[in-house]
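Survey of secondary and tertiary structure
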Amino acid sequence: MKKAIWIPACLVFGWLVVCSGCTSSSEAESTTTTAEPQSFVLEVNILDIRPERIEATLELVGTMIPCRVATLSAEVDGTVQAFCESNRQVSRRQGGGVEKVILGLDLGHPVKRGQVVCQIDPTDYQLALESARAGWELSKRNLADLLAWKRPEEITQLEAGLDEARATLERANLDLKRSEKMVAKKAIPQADYDEAVMTMRTALAAVKRTEAALALAKAGPTPEQIAVAQSQIAQAEAECKRQEQQLRKTSLIAPYDGVVVDRFVSVGDQVTAGGKTQILRIIDPDALFAEITVPEKYQHLVRIDNRVQIRVPGSKRTVEGVVDLVNEMVDPATRTFRVRAAFDNRDRWFKAGSFVNVEIPVASATATLVVPKSAVMMTGGEPAVFVCREGRVQRRPIRLGIGSRTAWEVIDGLEPGEQIVADRPSMLTSGMRVRPSQLQ
């Protein structure tokens, strides 16, 4: 049996070091550097650099907000009786047949200005109005009676009553005189005389009362009485108008042509006045604002009437708008100020509340070198492009100027007539062989 031969580890390590040192430098380079295959040529899009016009833009994200928003709330207490019918309907089976059911107003439904969109039960308010109208009529009749005062027949009756009262007074005076003589002779008791005095005084009072009634009947109502009656009529009329207004408030009216975007209650729900119960929210989708926040460093570049380009993220279609509002205050928390751009949305391309991309032109340059943004590679924050010459590319640092959504102005590093790779610069390295793409 052969014995195993043990070699110290230090001797093995030394031998490996010596062997590695025997390798030539050229062989080492060949093992660490991957040689480019002679047959490999990358197809790229080649672009000729020439002077062009470029317009720099601020690319910001905005939110669509409607120019007009109306939240309809209950102004009276009551029960929701109905919503106006919409243009939607569903079919359901009923008794062996098919019944079409028209749906009430809901999200997305259009409404017209002046249209009753929601009805609160008006019964109690109709009864209150009828009661107020009855009170108004009564107060008007009371004034008419006051102004008519007394009829001729009533005055004649009062005159006859006065004659009767005077006759009674005259008879009482005669009876009193006779009683005075008889009581002096002690022909009658003192009590009979006292009764005669009281009868005379009563007759005198009746005459004065009848005279006053007749004078009042002939004089007519006083200005104060007429003023009180007229104020009662005015108060009753005001109450009628108040009840009419309360009844009108049971019908919620659309303030303008729009679309329902929220409905907060259903038929049968109880609502309360004072704006505590919101019922519907309506917007005008044809007129929207794109509201954006602009960094304060651009405050001198954004002005009212600036033209802007607005598009939905992911879409190539743009819509032109105009800056309609620039807030004069910078938010101290975000160091930005709000800007609103108005545009025509009658085709309903944009929806309120959605995000949009907004481009605001802030500068322009003519006869300047322009490269697409897809051609620029940023390395350590420094821009560069790959210049193509004699079938190979070379990385070239450049200095950028203003930029648009798709391109940059090059103010240093390129010359007119040079060719660059138009896209995918991350796939390239200096010295790589390339050829123009067949799709150009």
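Residues numbered from 1 in each chain as written. Predicted model: local features only at pLDDT ≥ 70, side-chain atom pairs only at ≥ 80, totals over all residues. Heavy atoms only, no water.

1. Some remarks on the layout of surface pockets
By volume, the largest pocket amounts to about 180 Å³. Together, G108, V259, V260, V261, I283, P285, L288, N345, R348, F350, K351 and A352 line the largest pocket. Among the elements that take part in the lining of the largest pocket, strand β11 (residues 258-263) stands out by supplying three residues, more than any other. In the lining of the largest pocket, the residues fall into eight nonpolar, two polar and two charged. (1 Å grid on protein atoms, 1.4 Å probe; cavity = no way out; pocket = protein on both sides within 12 Å on 5 of 7 lines; lining within 4 Å. Points joined across faces, edges and corners; volume = space filled by probe spheres on them. Helix = DSSP H or I, 4+ residues; strand = E, 2+ residues; numbered from the N terminus. Nonpolar A, V, L, I, M, F, W, Y, C, P; charged D, E, K, R; others polar.)

2. Regarding the pattern of salt bridges
Per the stated rule, a full pass over the model turns up 21 salt bridges. Put simply, E59 and K373 hold a salt bridge, and the shortest N to O gap is 3.5 Å. With E59 in strand β3 (residues 51-66) and K373 in the loop between β18 (355-372) and β19 (377-379), this residue pair connects regions lying 314 residues apart in the sequence. For E59, a relative accessible area of 42% corresponds to the partly exposed category. With a relative accessible area of 29%, K373 lands in the partly exposed category. Through salt bridges with shared partners, a single network forms among E291, R338 and R340. (Salt bridge = Lys/Arg side-chain N within 4 Å of Asp/Glu carboxyl O. Buried < 20%, exposed > 50% of the residue type's maximum accessible area, 1.4 Å probe, protein only.)

3. Considerations on the confidence of the model for the chain
For the chain, mean pLDDT is 85; residues scoring 70 or higher make up 90% of the total. Considering only residues more than four positions removed or in separate chains, one finds that residues 1-35, a stretch of pLDDT under 50, has two contacts. (pLDDT = per-residue confidence, 0-100. Contact = heavy atoms within 4.5 Å.)

4. Details of the environment of A196
Within the secondary structure layout, A196 lies in helix α5 (residues 190-219). Under the relative-accessibility criterion, A196 is labelled buried at 10%. With 16 residues separating them along the chain, A196 and E180 place their C-alpha atoms 9.2 Å apart. Those residues within four positions of A196 in sequence are excluded, and the remaining contacts are D175, L176 and S179.

5. A word on the packing of helix α3 (residues 123-148) against helix α6 (residues 223-248)
Packing of α3 against α6 leaves a shortest axis separation of 8 Å and a crossing angle of 165 degrees. With respect to α6, the element α3 is oriented roughly antiparallel. Note on packing geometry: the crossing formed by α3 with α6 is left-handed. Here the residues of the contact of α3 with α6 sort into 14 nonpolar, eight polar and five charged. (Axes fitted to C-alpha atoms, helices over the stretch in contact; angles between N-to-C directions. Parallel < 35°, antiparallel > 145°, perpendicular 65-115°, else oblique. Left-handed = near helix turned anticlockwise from the far one by under 90°.)

6. Section: the sheet that holds β11
One key point about sheets: their strands pair by backbone hydrogen bonds, in either a parallel or an antiparallel sense. Pairing in this open sheet of four strands is antiparallel, and the strands run β4-β13-β11-β8 from one edge to the other. Edge strands, defined here as strands with exactly one partner in the open sheet, are β4 (69-73) and β8 (110-111). Sheet topology places β8 next to β11; two bridges connect them, and they run antiparallel. What sits directly across from P110, in β11, is V259. (Pairing = 2+ DSSP bridges.)

7. As for the state of the cysteines
Under the definition given, this model contains zero disulfides. No disulfide involves C118; its sulfur sits 8.8 Å from that of C84, the nearest cysteine. Of the residues examined, C118 reaches a relative accessible area of 1% and is grouped as buried. (Disulfide = S-S within 2.5 Å.)

8. Comments concerning the sheet that holds strand β9 (residues 116-120)
Read across the sheet, four strands follow the order β10-β9-β5-β12 without closing on themselves; strand pairing throughout is antiparallel. One side of each edge strand has no neighbouring strand; the edge strands of this open sheet are β10 (251-253) and β12 (270-271). As judged from the three bridges shared by strand β5 (residues 78-83) and β9, these two strands associate in the antiparallel manner. Bridge assignment links A82 to a residue of β9, and that residue is Q119.

9. Observations regarding the packing of aromatic side chains
For the structure on display, the rule yields one aromatic pair. On the numbers, 5.1 Å between centres and 75 degrees between planes, the contact of F343 with F350 is edge-to-face. The two residues F343 and F350 agree in class, both being buried. Cation over ring: R68 sits above Y256, and NZ or CZ is 4.2 Å from the ring centre. The side chain of R317 reaches across the aromatic face of W349, ending 4.4 Å from its centre. (Phe/Tyr/Trp six-rings, centres within 6.5 Å; stacked < 30°, edge-to-face > 60°. Lys NZ or Arg CZ within 6 Å of the ring centre and 35° of its normal.)

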